[in-house]
Amino acid sequence: MMAKAARAAAAWKTYREVTRPGSPGLMTRVRAIPRMIGAVMRGQYAGMGKSKLAMLALGVVYILSPVDVLPEFLMVIGVADDFGVFLWLLGSLLGESGRYVEHERSVIQGRLLEQEG
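Residues numbered from 1 in each chain as written. Predicted model: local features only at pLDDT ≥ 70, side-chain atom pairs only at ≥ 80, totals over all residues. Heavy atoms only, no water.

Undergrad: Describe the packing of aromatic side chains, and please don't skip the residues or the numbers.
TA: Following the criterion strictly, the structure yields one aromatic pair and no others. Here the aromatic rings of Tyr45 and Tyr100 are separated by 4.9 Å at their centres, their planes lie at 80°, and the arrangement is edge-to-face. Taken together, the residues span a long stretch of sequence, with Tyr45 in the loop between helix H2 (26-42) and helix H3 (50-64) and Tyr100 in helix H4 (residues 75-116) at a distance of 55 residues. Of the two residues, Tyr45 and Tyr100, neither departs from the other in class, the shared state being buried. (Phe/Tyr/Trp six-rings, centres within 6.5 Å; stacked < 30°, edge-to-face > 60°. Helix = DSSP H or I, 4+ residues; strand = E, 2+ residues; numbered from the N terminus. Buried < 20%, exposed > 50% of the residue type's maximum accessible area, 1.4 Å probe, protein only.)

Structure below.
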């Protein structure tokens, strides 16, 4: 029951962050994910380390992997386990990509100010 409440709270937090006025929208965040990954890998974005990126990649591998820590034959626990990782991954990716979009915007604004000055 406690895990279910934690997942619901994480989903709600992600929803509130994505719908906050002035915040990058859902599709803007989703489209920014490949750019963010590239910038992290090239060392051009200090807002997220390679270790966090590796954790997100492990989350994707875990969800896609046919091997489970908690086997699916433990039906409810096995599926809840995958769903929990999915919610964590979704919340993390959307949160990080939102911060990356804001970073991109600040870099662009800085360049425009330099050109005007």
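Still more ground to cover, so stick around.
Undergrad: Report on the environment of Gly59, specifying residues and quantitative values.
TA: Looking at where Gly59 falls in the secondary structure, it is placed in helix H3. With 27 residues separating them in the primary sequence, Gly59 and Phe86 have C-alpha atoms 7.5 Å apart.

Undergrad: Quick rundown of H2? Include the residues and the values.
TA: Here H2 contains 17 residues, and its C-alpha end-to-end distance of 25 Å stays within 8% of the 24 Å for a straight helix at 1.5 Å per residue. Those residues of H2 that fall on the buried side of the exposure criterion are Arg29, Ala32, Ile33, Met36, Gly38, Ala39 and Val40. Gly43 lies just past H2 and shows a positive phi near 75°. (Expected span 1.5 Å × (residues − 1).)

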